[in-house]
Each structure stands twice: as structure tokens, then as C-alpha cells.
Amino acid sequence: MRGSGRTEVFKGLKRTVPITFPQHSCAFLEDPFGKLPHPLLWAESERTQHPVTRLFKCWAHLNEFNARHLKPALAAHDVVITDGYGLNAVLYATACVDCESVDNEVLSMHHGIVAARIKEQGIEPPEYFITRADSEVVSCYLASSVLVGMGKDACHSFIEKEEAIIDAYFDPGHGQKVPHMLNAALSHAHMCKEAMAVIRQRLLS
């Protein structure tokens, strides 16, 4: 969820993982969609595009990210942590859309491309850490800091839509692993600690 501390947790892991697991080589990759505008600040040309068109645009970023950064990192390191991945593409494509059938069209198209492109490259489904907080709390934060001047109601609707898409993304049958939910009502340090426990278990398995 935007505004719930995901990037802060990523930064915390970037500091902590190499120290905690010095016997393992690590790579930390930035969000492949980090330069895209916040959906509530979209220009008219972006807002009026069909959501599947936005998904294809995101996939251009994701494919370059996989080819130039992710695959080389997976080949060279034991641990690879990214600040966002395929879920971000779907969240961006479906943002500010009020049509369930279009959302389902985007989700179906995305998972189809995952099967045809990512799985074919031998990239396994990632372990997702989802930072999640009460939608009211996150929308207040966005309206007061990240999106100053944007109405609280607009922020609240945006966050509730993200929650719905996240739930749909991890529906059984899509081939995604069950995500690890981090309670963003707790501190960034606590969320980082919870993520570290999952990473430790994965490395020891």
C-alpha cells in the first residue's frame, strides 16, 4: 500500500540483511516503477488511457528490469530484495478505475504475461512482503504529506481500491506465493524485524 512504509522497510533490510547474514551475498534493487507519477496526480493523457494499455507500459519497465537487473542479480547473489515488483504494475494499471470487469481484465492479462514471460525465464514467484495499515490512517497520511492539497476522501478511495486489488492479486490459482503481511501500524523497525524472520527461515530451509 502506498504510504504504509514499504520503502522504509526496504531501506531497513538493505542495512540489516548484509550484517545479519554475512555469509550470504545480497543485492538490493530499487522499485522498477519508482519514476511513474502517483495515480492521483495523473495527467489527462494518462488518466484516460485504457487500464490494459497502462499495464503494457508497466510491463515495458518490468521486462527491462528483469533483463538488466533482476536476472543478473539472481545469478550472482543468494538474496535479492526489490522495492516492489509485478504487483506494482497491476496497482498502477487499475488505479482510479471503478469497474470490476476491467480490473479482472488487467489481472488476467498480467498473470498471463507472467506465465508467458517471467516463468519461461525461470524466475520463481517472489516472496512478497505487504506493508498494510488501516485505510483511514494511510489516507490521512497521504493527504497531509505526500499529496498535500488532495482531498482526504480521494486518498481514502484510492487506498481502499489498492486493498481490493492486493487481495485479488493473491487469489489462489494465480501461482503467487501467499504474501507476508506486515502491520504498518507498528514501527518500521518492527516490520523490518518481521521480514528478517521470514528471510532467515527461507535461508535455513
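Okay, so let's go over this structure. Keep in mind it's a predicted model, so treat the numbers as computed, not measured.

1. Notes on the overall build of the protein
So, point 1. Within the protein, the regular secondary structure consists of eight helices and four strands.
So, point 2. Computed over C-alpha atoms, the radius of gyration of the protein comes to 17 Å, within 12% of the 17 Å expected from 2.2 N^0.38 for 205 residues, which places it in the range of a compact globule.
So, point 3. Dimensions of the protein, computed from C-alpha atoms along their principal axes, come out at roughly 50 × 40 × 30 Å.
So, point 4. Buried residues in the protein amount to 45% of all 205 residues.
So, point 5. By sequence separation, contacts in the protein at least 24 residues apart represent 78% of the contacts at least 6 residues apart.
So, point 6. About 10,600 Å² of surface is accessible on the protein, with carbon and sulfur atoms providing 55% of the total.
So, point 7. Computed over 20 positive and 24 negative side-chain charges, the separation of the two mean positions in the protein equals 8 Å.

2. Considering the nonpolar core
So, point 1. In this structure, L13, V17, I81, Y85 and L87 are the most contacted members of the largest nonpolar core, which totals 56 residues.
So, point 2. A total of eight residues in this core trace back to one element, the largest contributor, which is helix α3 (residues 51–76).
So, point 3. In this structure Y85 touches F33, L62, F65, N66, L70, I118, I123, P126 and Y128, once residues within four positions along its chain are discounted.

3. Concerning the packing of helix α4 (residues 86–94) against helix α5 (residues 100–118)
So, point 1. Here α4 crosses α5 at 150°, and the two axes come no closer than 10 Å. By the criterion of interaxial angle, the relationship of α4 to α5 is roughly antiparallel. For the crossing formed where α4 meets α5, the hand is right-handed. Counting all contacts with α4, which are made through G86, V90, A93 and T94, the residues of α5 involved are D103, V106, L107 and H110.
So, point 2. A breakdown of the residues in the contact of α4 with α5 according to their chemical character gives four nonpolar, three polar and one charged.

4. Focus: the environment of W59
So, point 1. Along the chain, the position of W59 falls in helix α3.
So, point 2. Residues W59 and V9 lie 50 residues apart in sequence; the distance between their C-alpha atoms is 25 Å.
So, point 3. Not counting residues up to four positions away in its chain, the partners in contact with W59 are H110, I113, V114, R117 and I118.
So, point 4. In terms of polar contacts, W59 uses its side chain to reach the side chain of H110, at 3.1 Å.

Thresholds applied
Residues numbered from 1 in each chain as written. Predicted model: local features only at pLDDT ≥ 70, side-chain atom pairs only at ≥ 80, totals over all residues. Heavy atoms only, no water. Helix = DSSP H or I, 4+ residues; strand = E, 2+ residues; numbered from the N terminus. Rg over C-alpha atoms; globule rule 2.2 N^0.38 Å. Buried < 20%, exposed > 50% of the residue type's maximum accessible area, 1.4 Å probe, protein only. Contact = heavy atoms within 4.5 Å. Areas by Shrake-Rupley, 256 points an atom, 1.4 Å probe, with all protein chains shown as cover. Lys, Arg positive; Asp, Glu negative; His and termini not counted. Charge placed at Lys NZ, Arg CZ, Asp CG, Glu CD. Core = buried A, V, L, I, M, F, W, Y, C linked by side-chain atoms within 4.5 Å. Axes fitted to C-alpha atoms, helices over the stretch in contact; angles between N-to-C directions. Parallel < 35°, antiparallel > 145°, perpendicular 65-115°, else oblique. Left-handed = near helix turned anticlockwise from the far one by under 90°. Nonpolar A, V, L, I, M, F, W, Y, C, P; charged D, E, K, R; others polar. Polar contact = N/O pair within 3.5 Å; in protein donor to acceptor, adjacent residues only side chain to side chain.

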